[in-house]
Amino acid sequence: MKSKKMIIATMVFGMAVTGSAGVYAGTNLEKISAYLNHGLGFKVNGSAYIPVDGNGNKLAPITYKDTTYLPVRALADALKVPVTFDGKTNQVIIGKNDGGSAPSNGGSTTELSAIQYTAAQKQAIQKAFAQFKGFETAYAPTQMTKGDAFDKVAASDDGVSFLFKHMRIVISARDYSGGYASQAVQLSNGVKAKWYSPSSDTQLLGFNLNDRVVTISSPDKSLTKAQLEKVAVGVAKLSK
């Protein structure tokens, strides 16, 4: 088995040949003959893993000269390792960037900002939860990724949905993960959660919070698993 160091090196090469090829064609790129290996499966920490791109499309690893290359961002998300690309320095940044320069292309980060609900929004949230007997205590996310924005809250037949520009959070008495293959994860606050996919292009994060179940997703697939797991930690009782 390759060491983590070797895996990361492989990831970087994979990004180099699939990421910004158009920019550097004819200069730093070398043409090769390789194969998309559709028959190779993966497990991450004992759970089945299917690499996907930002739009949820399945990605196949590349086999070249008996070496397998994986898409860097998809595998980084699975390993909970942040990855960004700095276009100014032409560098792939894996893990913490100690160089002090921020990525210039809006790459994936886990930077969060606090959600400041207005009085009217708080009233709407409390009203949504009040529709469910025994479920009146209002809960809400307290943080979101920077650049996201809260849109509205809405009550459905079995829960309350918080709709954001890039995210959807459902707080319900129902666990939607039944019958789907899942991958267990532990959030930074110690809470056990799981990722599951009702369809090939949907990734949902679910976890229990007191007497309810929280389900988080990014419908437009612009947020990574690492970002959604960070947001999940901030779901709590709505402050007055």
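About the thresholds
- Residues numbered from 1 in each chain as written.
- Predicted model: local features only at pLDDT ≥ 70, side-chain atom pairs only at ≥ 80, totals over all residues.
- Heavy atoms only, no water.
- Pairing = 2+ DSSP bridges.
- Helix = DSSP H or I, 4+ residues; strand = E, 2+ residues; numbered from the N terminus.
- Axes fitted to C-alpha atoms, helices over the stretch in contact; angles between N-to-C directions.
- Contact = heavy atoms within 4.5 Å.

Per an unreviewed UniProt entry, the protein chain goes by the name Copper amine oxidase-like N-terminal domain-containing protein and belongs to Paenibacillus agri.

Student: Quick question: what am I supposed to make of the sheet that holds strand β11 (residues 150–155) here?
Tutor: Two strands in a sheet stick together by hydrogen bonds in their backbones, pointing the same way (parallel) or opposite ways (antiparallel). One open sheet holds the seven strands; their spatial order is β11-β12-β13-β17-β16-β15-β14, and the pairing between them is antiparallel. Sheet topology places β11 and β14 (182–186) at the edges, where each strand pairs with a single neighbour. Averaged over neighbouring strand pairs, the angle between their axes works out to 20° when direction is ignored. By the bridge criterion, five bridges tie strand β13 (residues 168–172) to strand β17 (residues 212–217) in an arrangement that is antiparallel. Looking at the pairing, Arg168 lines up with Ser217 of β17. Its contacts with the sheet place helix α4 (residues 119–130) against β11, β12 (159–164), β13 and β17, and it is angled at close to 25° to β11.

Student: Explanation requested: the sheet that holds strand β5 (residues 67–69) in the structure shown.
Tutor: Pairing is antiparallel across the open sheet formed by three strands, whose spatial order is β1-β4-β5. With partners counted over all chains shown, the strands left at the sheet margins are β1 (35–36) and β5, one partner each. By the bridge criterion, three bridges tie strand β4 (residues 62–64) to β5 in an arrangement that is antiparallel. Paired with Thr63 across the two strands is Thr68, which belongs to β5.

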